[in-house]
Each structure stands twice: as C-alpha cells, then as structure tokens.
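# Summary of the model geometry
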Amino acid sequence: MPEFDRVREALRASMSAWATLEVRGDQARVIPAPDLDQMALHLESADPQWSLAWACDSVQPPVVRARLTLLGVTREGLSGGHTLSDAKWAALADAARTFGVAPAGEIPWVEYDAEDGPNTSDLDEVTPLPSSPAVAPLPPEPPRDPQMEKARNHIDDLLDQLKAAGRGGEAARILMRGYGETVEESRAIYKELQVVLKG
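Analysis parameters
- Residues numbered from 1 in each chain as written.
- Predicted model: local features only at pLDDT ≥ 70, side-chain atom pairs only at ≥ 80, totals over all residues.
- Heavy atoms only, no water.
- Helix = DSSP H or I, 4+ residues; strand = E, 2+ residues; numbered from the N terminus.
- Buried < 20%, exposed > 50% of the residue type's maximum accessible area, 1.4 Å probe, protein only.
- Areas by Shrake-Rupley, 256 points an atom, 1.4 Å probe, with all protein chains shown as cover.
- Polar contact = N/O pair within 3.5 Å; in protein donor to acceptor, adjacent residues only side chain to side chain.
- Axes fitted to C-alpha atoms, helices over the stretch in contact; angles between N-to-C directions.
- Parallel < 35°, antiparallel > 145°, perpendicular 65-115°, else oblique.
- Left-handed = near helix turned anticlockwise from the far one by under 90°.
- Contact = heavy atoms within 4.5 Å.
- Phe/Tyr/Trp six-rings, centres within 6.5 Å; stacked < 30°, edge-to-face > 60°.
- Lys NZ or Arg CZ within 6 Å of the ring centre and 35° of its normal.
- Core = buried A, V, L, I, M, F, W, Y, C linked by side-chain atoms within 4.5 Å.
- Pairing = 2+ DSSP bridges.

What follows deals with the overall build of the protein. Within the protein one finds seven helices and seven strands. The burial tally for the protein puts 40% of its 199 residues in the buried class. Total accessible area on the protein is roughly 11100 Å²; 51% of this is exposed by carbon and sulfur atoms.

As a further point, take the side chain of threonine 69. Along the polypeptide, threonine 69 turns up in strand β4 (residues 63-70). A distance of 2.8 Å separates a polar atom in the side chain of threonine 69 from a polar atom in the side chain of threonine 74.

One can describe the packing of helix α5 (residues 146-164) onto helix α7 (residues 183-198) by two numbers: an axis separation of 10 Å at closest approach and a directional angle of 15 degrees. Judged on the interaxial angle alone, α7 and α5 are roughly parallel. The chirality of how α5 crosses α7 is left-handed. Of α7, the residues touching α5 (which contributes Gln147, Met148, Ala151, His154, Ile155, Leu158, Gln161 and Leu162) are Val183, Ser186, Ile189, Tyr190, Leu193, Gln194, Val196 and Leu197.

Right, let's get into the side chain of serine 14. With respect to the helices, strands and loops of the structure, serine 14 is situated in helix α1 (residues 2-14). Residue classification places serine 14 among the buried positions, given a relative accessible area of 0%. Setting aside its immediate chain neighbours within four residues, serine 14 contacts Ala33, Pro34, Asp35, Gln38, Met39 and His42.

Following the criterion strictly, the structure yields one aromatic pair and no others. We note lysine 88 situated over the ring of tryptophan 54; from NZ or CZ to the ring centre the distance is 4.9 Å. Directly above the aromatic system of tryptophan 89 lies the positively charged group of lysine 88, at a separation of 5.3 Å from the ring centroid.

Further remarks concern the nonpolar core. In terms of nonpolar packing, the biggest core is built from 17 residues, with Leu11, Met39, Leu43, Leu68, Leu70 and Phe99 touching the most fellow members. Of all elements in the fold, only α1, α2 (36-46), β4 and α3 (84-98) reach the threshold of two or more residues within this core. With four residues, the single largest contributor to this core is α1. Ignoring anything within four residues of it in the chain, the contact list for leucine 70 reads Phe4, Val7, Leu11, Leu43, Asp47, Trp50 and Phe99. In this structure, Ile155, Leu158, Leu162 and Leu193 belong to the second largest nonpolar core, which totals eleven residues.

This next bit is on the sheet that holds strand β6 (residues 109-113). Within a sheet, each strand pairs with its neighbour through backbone hydrogen bonds, oriented either parallel or antiparallel. Spatially, the four strands line up as an open sheet ordered β1-β2-β6-β7, and their pairing is antiparallel. One side of each edge strand has no neighbouring strand; the edge strands of this open sheet are β1 (17-24) and β7 (117-118). Here seven bridges tie β1 to strand β2 (residues 27-33), and the two strands are oriented antiparallel to one another. Bridging across to β2, threonine 20 finds its partner in valine 30. The strands that α3 touches are β1 and β2; relative to β1, the one it contacts most, it runs at about 120 degrees.

Structure below.
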C-alpha cells in the first residue's frame, strides 16, 4: 500500500520531540514522539482527512489515550508519562508505533533537571528516531472478539465507577498493562478492579 508508506514517512518526519516517561533523581527515561505542528504539516499532504483525538484515563498517575486515524484506519495508543503532557506525547508515539513507526534501539536514560527538564541534546545527535524500514504492510487490526469487547466494556464501566469514587489512580496502575489478551486475563483484571472499588 504505497499510500501508507507516505503516511509512515510523514509520521517518521514528525518524530522530533521527546516525551519523558519517568524520572529517577537526576535521570529521566525518554522516548521520541511526534511534534504535533510537524505532524500536522507532514500529514496534510499524505492524508488531508487525518484526525487525532485524546482521552485522559488518569491524571495521577498521568495516563493518556491517543486515537489516530490515517487513511480511514484508526489505531489507539496508550501511555503514562512523568507529566500529563508527557503522557499525551508518549500515547501519540504509541499510536504511531501501531502504524509501523517505532523508535530504534532501547529507550534511553538522560540527565534530568527539575527546571530545564530532560537533556536530550546528545540524543538529537545520535538520533534513535525511527528509521525507514523495508516496505512493511500496516499491522492488521486485531480481530474483534465479541467476548473481549464485552469484557472491555465491563472494565470501562467499572473504571467509570472507580473514577467517580476517587480511585482512578489506583485503577490506572492496574490498567497500565492493558485490558488483557484473553477473556480470562480480562476477568482477572476486572476482579482486581472490583477489589479496589470495595477497598
């Protein structure tokens, strides 16, 4: 699909920002993320109908969901970050990954200053940003399993109850690993969330 190659190239060209995933003392773990202005500029020519939507799953700890639609295909990214803004950019980077644009190498640790933030100047020179892979097809959307959809809806309903009860942060820590890959895993996560609600 040559049109997806253009979209991937546009996403790759916009990967000029950095999101801080976590901070430990004077060190921070960062990942490359799309700069929104650059992304908009590059995507306009590849897909004028592209869209991006955000949802905040948790404020503390910061967890954000990014829904990116390119050429009529929608993919979602989910990530936490040091701040809400970092979680937002990391979620966008995760959404880009689902379109086949992922960072090369390991996620680096850099020096961190509370006032100046992470020092990514050395990383910009090394550039562990996504490189052009051999022509790869768009990863297929996972097949929809009605039981998994139902399980996910139950978890979402319980998550709403937890947020209303002021326990959204505890729930977000459980959901950082996702909703589960199987119905059994989803049930186990649902039970964990029920314990938090009753807690």
